[in-house]
Amino acid sequence: MIYLHIPFCKQKCSYCNFHFSTSLKYKEEMVAALKMEIFLRKNELENQNLKSLYFGGGTPSLLSVDELQSLIDEVLKYFSFNEKIEITLEANPDDLDGNFLKALAKTPFNRLSIGTQSFFNEDLQLMNRAHDAGEAEDSIKRAQDFGFENISIDLIYGSPTSNLEIWKKNLVKTIELQVPHISSYALTVEPKTALNAWISQGKVAAPKETDQNQEFFFMTEFLKKNGFEHYEISNFGKPGFHSKHNSAYWKYGEYLGIGPSAHSYNGRNERSWNVVNNQQYIQTVNQNKLAKETEILSEKDQYNEILMIGLRTSWGVDLISLKEKISPELWEYFQNVIQEKLQSGLLEICENHLRIPEKNWFLADGIASDLFYVN
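Residues numbered from 1 in each chain as written. Predicted model: local features only at pLDDT ≥ 70, side-chain atom pairs only at ≥ 80, totals over all residues. Heavy atoms only, no water.

What about the overall build of the protein chain?
For the record, the criterion: Secondary structure follows DSSP: runs of H or I at least 4 residues long count as helices, runs of E at least 2 residues long count as strands, and numbering of each begins at the N terminus. Put simply, the radius of gyration uses C-alpha atoms, and a globule should come to 2.2 Å times the residue count raised to 0.38. Type-normalised accessible area, obtained with a 1.4 Å probe on protein chains alone, sets the label of each residue: buried when under 20%, exposed when over 50%, and partly exposed for intermediate values. Residues are treated as being in contact if the distance between any of their heavy atoms lies within 4.5 Å. Every accessible area reported is derived by Shrake-Rupley at a probe size of 1.4 Å, with residue values counting cover from the shown protein chains alone. Charge convention: Lys and Arg are scored as positive, Asp and Glu as negative, and His as well as the terminal groups of each chain are ignored. Every charge is mapped to an atom, namely NZ of Lys, CZ of Arg, CG of Asp or CD of Glu.
Helix and strand content of the protein chain: 15 helices and 15 strands. In terms of overall size, the protein chain behaves like a compact globule, its C-alpha atoms giving a radius of gyration of 21 Å where 375 residues would be expected to give roughly 21 Å. Once the C-alpha set of the protein chain is aligned to its principal axes, its extents read approximately 60 × 50 × 45 Å. By residue count, 50% of the 375 residues in the protein chain fall in the buried class. Taking the contacts inside the protein chain whose residues are at least 6 apart along the sequence as the reference set, 70% of them involve residues at least 24 apart. Accessible surface, the protein chain as shown: approximately 17,300 Å² in total, 48% of it carbon and sulfur. Between the mean site of the 38 positive side-chain charges and the mean site of the 50 negative ones, the protein chain shows a separation of 2 Å.

Description of the pattern of salt bridges
Should the charged atoms of two oppositely charged side chains come close, the side chains can pair. Rule in force here: Between Lys or Arg on one side and Asp or Glu on the other, a salt bridge is scored when a side-chain nitrogen of the former is within 4 Å of a carboxyl oxygen of the latter.
Throughout the structure, instances matching the rule amount to 20 salt bridges. The residue Arg41 makes a salt bridge to Glu37 at a minimum N-O spacing of 2.8 Å. Between Lys77 and Glu74 there is a salt bridge; the shortest N-O distance is 3.1 Å. With Lys77 and Glu74 both in helix H2 (residues 65-78), this residue pair falls three residues apart, about one helical turn. With relative accessibility at 9%, the residue Glu74 sits in the buried group. Residues participating in the shared-partner salt-bridge network are Glu37, Arg41, Glu44 and Lys292.

As for the pairing of strand S6 (residues 181-186)
Quick note on the threshold: Two strands pair under a simple rule: DSSP has to find at least two bridges between them.
Pairing between strand S5 (residues 151-157) and S6: six bridges, direction parallel. Within S6, the position partnered with Ile153 by the bridge is Ile182. The pairing of S6 with strand S8 (residues 235-237) spans three bridges and is antiparallel. Within S8, the residue paired with Ser183 across the bridge is Asn235.

Observations concerning the packing of helix H1 (residues 27-40) against H2
This is how it is decided: The convention used is that axes are lines fitted to C-alpha atoms, helices contributing only their stretch in contact, and that angles between N-to-C directions extend from 0 to 180 degrees. Just so you know how the angles are binned, under 35 degrees is roughly parallel, over 145 roughly antiparallel, 65 to 115 roughly perpendicular, and the rest oblique. By definition, turning the near helix anticlockwise from the far helix through less than a right angle yields a left-handed crossing, and turning it clockwise yields a right-handed one.
H2 packs onto H1 with a crossing angle of 15° between their chain directions and a minimal axis gap of 9 Å. Classed by the angle they form, the pair H1 and H2 counts as roughly parallel. Helix-helix and strand crossings are classified by hand; for H1 and H2 the assignment is right-handed. The residues of H2 that touch H1, namely those facing Lys27, Glu28, Val31, Leu34, Lys35, Ile38 and Phe39, are Glu67, Ser70, Leu71, Glu74, Val75 and Tyr78.

Some details on the sheet that holds strand S10 (residues 263-265)
Strand pairs in the sheet, formed through backbone hydrogen bonds, run parallel or antiparallel to each other. With antiparallel pairing, the three strands of this open sheet are ordered in space as S10-S11-S12. The sheet is open, and its two edges are formed by S10 and strand S12 (292-296), each paired on a single side. Taken pair by pair, the neighbouring strands of this sheet meet at an average axis angle of 20°, ignoring direction. As paired strands, strand S11 (residues 270-274) and S12 are joined by five bridges and run antiparallel to one another.

This is the structure we're talking about:
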């Protein structure tokens, strides 16, 4: 699968620390550089028949439909598309007007991931989103009108401008709009963000973990009652609408990341990441060079990553596959370190998979880190 990072946004959200630029000055140069990197790395994927092509960012919907189509065309020069390929475009509600969607519907894009975040203006204003509550709802309806059925929306819970009742209304609205996939995250306070500064200055209250826990557990039960499958800590999908792209990450598959700050993994022991600087990326790629760094993962690195990623999912960690990947000594360590958590119920084994029971998913990162090999 291939991920293309489009590093542009209209404005900076107060909570965001992803890599992007609010200037579109070098948009054409960036699109050309992305095409060049696709060419330079055309032989890196072992499986050249793609099951997923994902345009993320940033805000890919800031590109014109012609520019987006030209990037798909470039990928098709060197890769083939599986007949059931999922081609996703991340988009903000304010970009999804009728003209854009009409043109997009004529392209191979078959999935939209819309950055809704909330259906309430108070939340959106705190987050410094470019859209309002009306646009959040209208963009989904409009996309459906143009034939896009496979729609995912992002929702953020635990905001100081929200509460459990508002959160319930957000979820009810999502059900009413017949959205088949939801990615939902607790509002986190990252360093060097506007939100962090506002909280430090006392202008905004810090999110409360107890509120976030309550809203998370309400969401899991509410969405399950409405036909969603909770297949990863932050992701819920109706049957047949799980994200193929993200599921491949969580199952430790190979992927190729194109664009500044994008990461790649060869499915075995090599991970790479591109430079986090737009101009440096463009200049380097224009010299027919790759703007990336690479690391070889040790057996212990792979073991730790498999646990961290797999234990966030409903299927968990495949124990047969894990045993094949690691040494007998590390396998013995693993068997010993999981015993206490199995006995306490924080972990369970089902059909040769190690899982965290859903009631403990909010503790997943801590549970996984306790199993890490750190020597």
